[in-house]
Protein chains: 2
Amino acid sequence: MSEKRRQRLPRQVREQQIIDAAVRVFSQRGYHAAVVDEISELAGISKPMVYLYLGSKEGLFVACVRREGERLVTAFREAAVTGGTPEERLWAGLTAFFRFVTEHRDSWVVLHRQAAELGEPITAELALMRRSVSAEVAALLRDGIALRADSGLGDHDAEFATHALVGAADALTDWLAQHPGETPESVTLRMMNMIWVGMRDVLNGNTWTPPATTDGPPGRASAPDDEAG
Amino acid sequence: MSEKRRQRLPRQVREQQIIDAAVRVFSQRGYHAAVVDEISELAGISKPMVYLYLGSKEGLFVACVRREGERLVTAFREAAVTGGTPEERLWAGLTAFFRFVTEHRDSWVVLHRQAAELGEPITAELALMRRSVSAEVAALLRDGIALRADSGLGDHDAEFATHALVGAADALTDWLAQHPGETPESVTLRMMNMIWVGMRDVLNGNTWTPPATTDGPPGRASAPDDEAG
DNA sequence: CAGTAGACTTACCGAAGAGTAAGATTACGG
DNA sequence: CCGTAATCTTACTCTTCGGTAAGTCTACTG
């Protein structure tokens, strides 16, 4: 047994290894079911090291969220800053997002399915990340709206669309994972068709109108639904 | 102190009271952070009663999910079965959904933010509920698509749209909660405008095309983005 | 080759909380 | 008014797990 002693590594390196392990375990088990002993073991280290470096289980989780969140935001932002119309940039950002969650499933799970539960500091960190992405998207939508000053839409509408968009993208990560034939690009294309095309119509004044609240027949207003373009 | 003794009630009634209390506590604290003692106290009863009637903490949670889930599905279905076009029925169902989550916040939180974590029996129950709602929506979208046999779209597309729609609705419950000016109807109207209008366009062959992958200028295809309607 | 700082471990503590044993209390049919 | 079945409680047990005390070991510096 030559390697009874584990190699000593500088703190900076060990910390990352611990976070690596934590992301995997948290992702697989969830925050509460995850046990610190398992994380330390997977990191090839003993438990007190985790507490020495990360302070507490909560601190460890926050570190995971922060690191993975930054990676995700960076991926989105770097794709979406390339010049072009808001439309093109949204396309690029969404594609990058779907690619990220495909390639880093664990990271995404940690950032994702852990909203309720979890004490204040953790939810704060998660909310921060979410807001960060949403802010990017919202800016793009605002730009898109601003190109048509006559649309009558405003920041409130952009904010609504952002939530819908982010929520849809969120849910579609599962769909993507379960359909091997689909790619980040194909999913993004579908989304753009569903949502952006609709928005463009609305910007053009081509809106949907609810049926008469009493009973009457469909009350479609200015909807040229009749023939294909 | 006259009422030292608590009134005795038949099992059927107490069970519902226990579930009432559990929904509130689970909703507020989350599954793991919730403590059975608190639930029993809120139900005006001692802890062993909970175990006698519901078996375990997990069984208690499953009972909550089942009851509240059925309420939600019923609300949606009853609104959406009224005759009319798929469009109208989707409108009615979504409105009922948003109304439900507005009026039963606790129920929704229990059904919602508890995906990862939680052992197999619980996730199974949650998945069942979600699938139940999705199936309703998917049927409506398929009907909508079927009205245009020439669109080239199929069940796969309906399924995609369902996930996007459900995910968006999901995320918009938060948005609705934070904007007192909005109502279930107004949110539904916004959604229909964003998504259904877009889908209608796609059905008409008016699709969105991604920019050229290399670098070239925007490669919009058949997108009459030029002037307002 | 000290000596020190930082990496690392073993072995433990204590609290929290799920679940239960054992029985007390009350309603009610006969 | 008695038995019995159901409701309900007090007072535990037992495990799990976050966190720590008290060092040991090794690499590097002078």
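Residues numbered from 1 in each chain as written. Chains lettered and ligands numbered in written order. Predicted model: local features only at pLDDT ≥ 70, side-chain atom pairs only at ≥ 80, totals over all residues. Heavy atoms only, no water.

When helices and strands are tallied, chain A shows 9 helices and 0 strands. Among the 229 residues that make up chain A, the fraction classed as buried is 51%. Considering only intrachain contacts with a sequence separation of at least 6, the fraction spanning at least 24 residues in chain A is 66%. For chain A, the accessible area works out to roughly 11100 Å², and carbon and sulfur atoms hold 52% of it. (Helix = DSSP H or I, 4+ residues; strand = E, 2+ residues; numbered from the N terminus. Buried < 20%, exposed > 50% of the residue type's maximum accessible area, 1.4 Å probe, protein only. Contact = heavy atoms within 4.5 Å. Areas by Shrake-Rupley, 256 points an atom, 1.4 Å probe, with all protein chains shown as cover.)

Time to look at the packing of helix 7 (residues 120-146) of chain B against helix 8 (residues 155-177) of chain B. Residues and elements named next belong to chain B. Following both chains from N to C, one finds helix 7 and helix 8 inclined at 125°, their axes separated by 8 Å at the closest point. With respect to helix 8, the element helix 7 is oriented oblique. Considering the relative orientation of helix 7 and helix 8, their crossing is right-handed. Residues Arg130, Ser134, Val137, Ala138, Leu141, Arg142 and Ile145 of helix 7 pack against Asp155, Ala158, Ala161, Thr162, Leu165, Val166 and Asp170 of helix 8. Across the contact of helix 7 with helix 8, the residue classes break down as 8 nonpolar, 2 polar and 4 charged. (Axes fitted to C-alpha atoms, helices over the stretch in contact; angles between N-to-C directions. Parallel < 35°, antiparallel > 145°, perpendicular 65-115°, else oblique. Left-handed = near helix turned anticlockwise from the far one by under 90°. Nonpolar A, V, L, I, M, F, W, Y, C, P; charged D, E, K, R; others polar.)

A separate point is the pattern of salt bridges. Residues and elements named next belong to chain A. One pass over the full model with this rule turns up 26 salt bridges over all chains. The partner of Arg11 in a salt bridge is Glu15, and the shortest N-O contact between them spans 2.8 Å. Linking Arg11 with Glu15, this pair stays in helix 1 (residues 11-29), spanning 4 residues, or about one helical turn. Two residues, Glu68 and Arg71, come together in a salt bridge whose shortest N-O distance is 3.4 Å. Here Glu68 pairs with Arg71, and both are found in helix 4 (residues 57-80), just 3 residues apart, close to one helical turn. A single network of salt bridges, built from pairs that share partners, joins Asp20, Arg67, Glu68 and Arg71. (Salt bridge = Lys/Arg side-chain N within 4 Å of Asp/Glu carboxyl O.)

Within the structure shown, the criterion is met by 12 aromatic pairs over all chains. Look at Trp175 of chain A and Phe160 of chain B: their rings are 5.1 Å apart centre to centre, the planes differ by 75°, and that puts the pair in the edge-to-face class. Taken together, the residues span two chains, with Trp175 of chain A in helix 8 (residues 155-177) and Phe160 of chain B in helix 8. Note on Trp175 of chain A: relative accessible area 0%, which makes it buried. Judged by centre distance (5.3 Å) and plane angle (85°), the rings of Phe97 of chain B and Trp108 of chain B are edge-to-face. On the criterion of sequence distance, the pair formed by Phe97 of chain B in helix 5 (residues 86-103) and Trp108 of chain B in helix 6 (residues 105-112) is long-range, its members being 11 residues apart. (Phe/Tyr/Trp six-rings, centres within 6.5 Å; stacked < 30°, edge-to-face > 60°.)

Looking now at the confidence of the model for chain A. All names here are of chain A. Considering every residue of chain A, the mean pLDDT works out to 82; 84% of them sit at 70 or more. No element of chain A has a lower mean pLDDT than helix 9 (residues 184-203), which averages 78, and none a higher one than helix 3 (residues 47-54), which averages 98. Predicted confidence is poor over residues 214-229, with pLDDT under 50, and the contacts of this stretch with residues over four places away or in other chains come to 26 contacts. (pLDDT = per-residue confidence, 0-100.)

Now for the side chain of Arg190 of chain A. Looking at where Arg190 of chain A falls in the secondary structure, it is placed in helix 9. Taking the relative accessible area as the measure of exposure, Arg190 of chain A reaches 19% and is therefore buried. Among the polar contacts listed, one links the side chain of Arg190 of chain A to the side chain of Glu182 of chain A, at a separation of 3.3 Å. Once residues lying within four places of it in the same chain are set aside, the contact partners of Arg190 of chain A are Trp175 and Glu182 of chain A together with His156, Asp157 and Phe160 of chain B. (Polar contact = N/O pair within 3.5 Å; in protein donor to acceptor, adjacent residues only side chain to side chain.)

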